[in-house]
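Next come the chains, spelled out residue by residue.
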Amino acid sequence: MPSAMEGSEGGEEGEILRYEETEDNSVSPTDLSELLKEGTKESHDRAENTQFVKDFLKGRIKKELFKLATVALYFTYSALEEEMDRNKDNPVFAPLYFPVELHRREALVKDLNYFYGEDWKEKIQCSEATQHYVDRIHHVGQHEPELLVAHAYTRYMGDLSGGQVLKKVAQRALKLPSTEEGIQFYVFDNVSNAQQFKQLYRARMNALDLDKNTKERIVEEANRAFRFNMQVFDELDKIGRTLTEEAQGGGFPVHDGKGDIRKCPYYADKLAGEVGPGCPYHAAVALAKQPLVQLLLATCVAVVAGAAAWYLL
């Protein structure tokens, strides 16, 4: 079982956790880590098979949509880490309090500053699906803190696992800087070995003094957390279907006419916030895609062709 040489729990920001990997043959089917692993398999598979995640893994992620996903993560982790701070001394959660190693809010602030500029707070808002997730996290942290384990487990263990794959996909697909700007969320500078840290985290979960009923409630809450994430994914997928190809160097996405753009505050705010004419080439391409413009161009071509034919005769 991994052993912590120096812990960072209790908010001691100056200490970095050191841990070493040892053979663990004492895992029991009744341990919380095993109950969560087995009890959330189906939810995990469903989340991985949402259209948003499948497209993301294939590199089909629009920059505008990635920015909105970052916004959703910011509100989610702000709520989660606020409640973790609130319960850092609560025995039902304290052993899992790793602010130096895990907290993501500050990393997300850097990403939002990169994508939206220094006034990013004025350009973002919490979506409906994300707000439901945030409300549940606050309820749990304030009224059922023993269930906070489920939300921390679902988010951070995923970030240290599949999240590292998404980091590489996003960097390549969106042509983000090699300096990791825009993907700081996925960078865990204070976790030197993700696999060992996850083992330590699971060992800490298994050491919590919880009865069978509480463990079952935590598994149920973890499945609920997966459902909240899937609702956010579905919301992003719907927004994504209103966007077409976008210029990656500061241009703006073009709405394809499907759905009512006014119902998407994020996209509407983005367009309203654009300053300057942008790239003339992309503006011309966007204009040429409009049906009325295409009709006028076709008419002009027909007139010119007719005139040329008359002249040749």
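Residues numbered from 1 in each chain as written. Predicted model: local features only at pLDDT ≥ 70, side-chain atom pairs only at ≥ 80, totals over all residues. Heavy atoms only, no water.

Q: Which parts of the structure should I look at to understand the overall build of the protein chain?
A: When its secondary structure is counted, the protein chain shows 14 helices and two strands. Looking at the protein chain alone, contacts between residues at least 24 apart form 75% of all its contacts between residues at least 6 apart. Looking at the protein chain as shown, the accessible area adds up to about 16,900 Å², and 53% of this sits on carbon and sulfur atoms. (Helix = DSSP H or I, 4+ residues; strand = E, 2+ residues; numbered from the N terminus. Contact = heavy atoms within 4.5 Å. Areas by Shrake-Rupley, 256 points an atom, 1.4 Å probe, with all protein chains shown as cover.)

Q: Explain the packing of aromatic side chains here, please?
A: One pair of aromatic rings is described through two measures. These are the centre distance and the angle between the planes. Under the counting rule described, the total for this entry stands at 14 aromatic pairs. Relative to F75, the ring of Y74 lies with its centre 5.3 Å away and its plane at 70 degrees, an arrangement referred to as edge-to-face. By relative accessible area, Y74 is classed as buried at 9%. For F75, a relative accessible area of 22% translates into the label partly exposed. Between Y133 and F228, the ring centres sit 5.4 Å apart and the planes meet at 10 degrees, which makes this aromatic pair stacked. Here the residue Y133 occupies a position in helix α7 (residues 128-143), and F228 occupies one in helix α11 (residues 212-240), the gap between them amounting to 95 residues. Assessed through its relative accessible area of 1%, Y133 is described here as buried. Note on F228: relative accessible area 13%, which makes it buried. (Phe/Tyr/Trp six-rings, centres within 6.5 Å; stacked < 30°, edge-to-face > 60°. Buried < 20%, exposed > 50% of the residue type's maximum accessible area, 1.4 Å probe, protein only.)

Q: Mind showing me how you'd approach the packing of helix α1 (residues 32-39) against α11 here?
A: Two numbers describe a pair of packed helices, the interaxial angle and the distance between the axes. Orientation of α1 relative to α11, taken along the N-to-C sense of each, is 40 degrees, at an axis distance of 10 Å. It follows that α1 is oblique to α11 by the angle criterion. The two elements α1 and α11 meet at a crossing, and its hand is right-handed. Residue-level contacts link L32, L35, L36 and G39 of α1 to K215, I218, V219, A222 and N223 of α11. When the residues that make up the contact of α1 with α11 are grouped by side-chain class, the tally is six nonpolar, two polar and one charged. (Axes fitted to C-alpha atoms, helices over the stretch in contact; angles between N-to-C directions. Parallel < 35°, antiparallel > 145°, perpendicular 65-115°, else oblique. Left-handed = near helix turned anticlockwise from the far one by under 90°. Nonpolar A, V, L, I, M, F, W, Y, C, P; charged D, E, K, R; others polar.)

Q: Please explain the nonpolar core as it appears in this structure.
A: When a protein is soluble and globular, its nonpolar side chains tend to lie buried together. Membership of the largest hydrophobic core comes to 69 residues, with the highest contact counts inside it found for F52, F56, F66 and Y201. No other element matches the 12 residues that helix α4 (residues 63-86) contributes to this core. (Core = buried A, V, L, I, M, F, W, Y, C linked by side-chain atoms within 4.5 Å.)

Q: I tried to follow the side chain of S33 on my own but got confused; where do I start?
A: Here S33 is to be found in helix α1. Taking the relative accessible area as the measure of exposure, S33 reaches 4% and is therefore buried. Non-local contacts of S33, meaning those with residues more than four positions away in its chain, are made with R202, M205 and N206.

Q: Sorry if this is basic, but what is going on with helix α8 (residues 148-160) here?
A: At 3.6 residues per turn, the α-helix brings residues three or four places apart onto the same side. Taking 1.5 Å per residue as the helical rise, α8 with its 13 residues ought to reach 18 Å, and the 18 Å between its terminal C-alpha atoms agrees with that figure. In terms of burial, α8 is largely enclosed, as 12 of its 13 residues are buried. Among all positions in α8, only L148, V149, A150, H151, A152, Y153, T154, R155, Y156, M157, D159 and L160 are buried. (Expected span 1.5 Å × (residues − 1).)

Q: Looking at this structure, I do not really get unusual backbone geometry. What am I missing?
A: We note that K175 has phi near 55 degrees; this positive angle belongs to a residue other than glycine. Structurally, K175 is set in the loop between α9 (162-173) and α10 (194-206). For K175, a relative accessible area of 66% gives the class exposed. The phi torsion at E180 lies on the positive side, around 70 degrees, for a residue other than glycine. Structurally, E180 is set in the loop between α9 and α10. Among the residues examined, E180 registers a relative accessible area of 22% and is labelled partly exposed.

Q: I keep staring at the packing of α4 against α11 and nothing clicks. Help me out?
A: Running from N to C, α4 and α11 point in directions that differ by 155 degrees, and their axes come no closer than 10 Å. Between α4 and α11, the interaxial angle falls into the category roughly antiparallel. The hand of the α4/α11 crossing is right-handed. Mapping the contact onto sequence places L65, L68, A69 and A72 in α4 and V232, L236, I239 and G240 in α11. Here the contact of α4 with α11 is composed, by residue class, of seven nonpolar, one polar and no charged.

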